[in-house]
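# Residue-level structure breakdown
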Amino acid sequence: MDVSLTLIVVMAVLFACGVYAMLERSLTRVLIGFLLLGNATNLLLLIVMGVPGNAPFYGAEGEVSDPLPQALTLTAIVITFAVSAFLLALIYRSWQLGQADTVEDDAADIALRERTDADEDVLEDDANLEEEATTDFVGVQTAPITVLHMRDHPAIHDDAPFDAADVRPADRPADRPENEEDRP
């Protein structure tokens, strides 16, 4: 397989720039990074496809291209488009609410950052204690899911039509014919 070194270098640069841009706090840069990653993935699939040939139709003569990377490229394009649309909506909503597209630290992030090594040791010691497992459902009366039938509730009607071929002979009512041709 003869692959151009230029395509490999461009793909590697796109992956590196995409990852770097996605690590920023600005949602716009995250979007740009994701678009770069999507394009790098498409180039990767183009490189994997190998030497181009004829279209992969039934009965094609000579060398044919592998259709799997082509299908994966189309899938990657659709996924990139969908996630980009979601990120654009997220950026728009963030701009509406806060007049900025940066992700700010909340109180939990700040508390986690300010935690010291001594606090970490205390948390690890607390995690090692053997405690009785508790749930939210202690003392609550629960019942398993029940399937209602026509005889359980008068508002349920079990008279839906069914195919005779799908029913085993032991389950088929005596008044129903066995074949479709036997029905009036």
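This text follows the structure it describes.
First, a word on scope: everything that follows refers to the structure included in this document. What you see is a predicted model, and the numbers here were worked out from it, not measured in a lab.

Evaluated as defined, the whole model comprises 1 salt bridge. With its nearest N and O atoms 3.7 Å apart, the salt bridge here joins glutamate 24 to arginine 29. Look at arginine 29 and you get partly exposed, because its relative accessible area is 48%.

By the element assignment, serine 26 lies in the loop between α1 (5-22) and α2 (27-49). Take serine 26: its relative accessible area is 14%, and that puts it in the buried class. Beyond its immediate chain neighbours, meaning those up to four positions away, serine 26 contacts Asp101 and Thr102.

This paragraph deals with α2. The end-to-end C-alpha distance of α2 is 33 Å, a good match for the 33 Å that 23 residues give at a rise of 1.5 Å each. Buried within α2 we find Leu27, Val30, Leu31, Gly33, Phe34, Leu37, Gly38, Ala40, Asn42, Leu43, Leu45 and Ile47. In this structure, the buried side of α2 is in contact with α1 and α3 (67-98).

With respect to the helices and strands, the residue asparagine 42 is situated in helix α2. When near neighbours in sequence (up to four residues on either side) are disregarded, asparagine 42 contacts Thr73, Ala76 and Ile77.

Okay, the packing of α2 against α3 next. Remark: α2 packs on α3, axes separated minimally by 10 Å, with the N-to-C direction vectors making an angle of 180°. One way to sum up the angle between α2 and α3 is to call them roughly antiparallel. When the residues that make up the contact of α2 with α3 are grouped by side-chain class, the tally is 16 nonpolar, 9 polar and no charged.

Cut-offs used in this document
- Residues numbered from 1 in each chain as written.
- Predicted model: local features only at pLDDT ≥ 70, side-chain atom pairs only at ≥ 80, totals over all residues.
- Heavy atoms only, no water.
- Salt bridge = Lys/Arg side-chain N within 4 Å of Asp/Glu carboxyl O.
- Buried < 20%, exposed > 50% of the residue type's maximum accessible area, 1.4 Å probe, protein only.
- Helix = DSSP H or I, 4+ residues; strand = E, 2+ residues; numbered from the N terminus.
- Contact = heavy atoms within 4.5 Å.
- Expected span 1.5 Å × (residues − 1).
- Axes fitted to C-alpha atoms, helices over the stretch in contact; angles between N-to-C directions.
- Parallel < 35°, antiparallel > 145°, perpendicular 65-115°, else oblique.
- Nonpolar A, V, L, I, M, F, W, Y, C, P; charged D, E, K, R; others polar.

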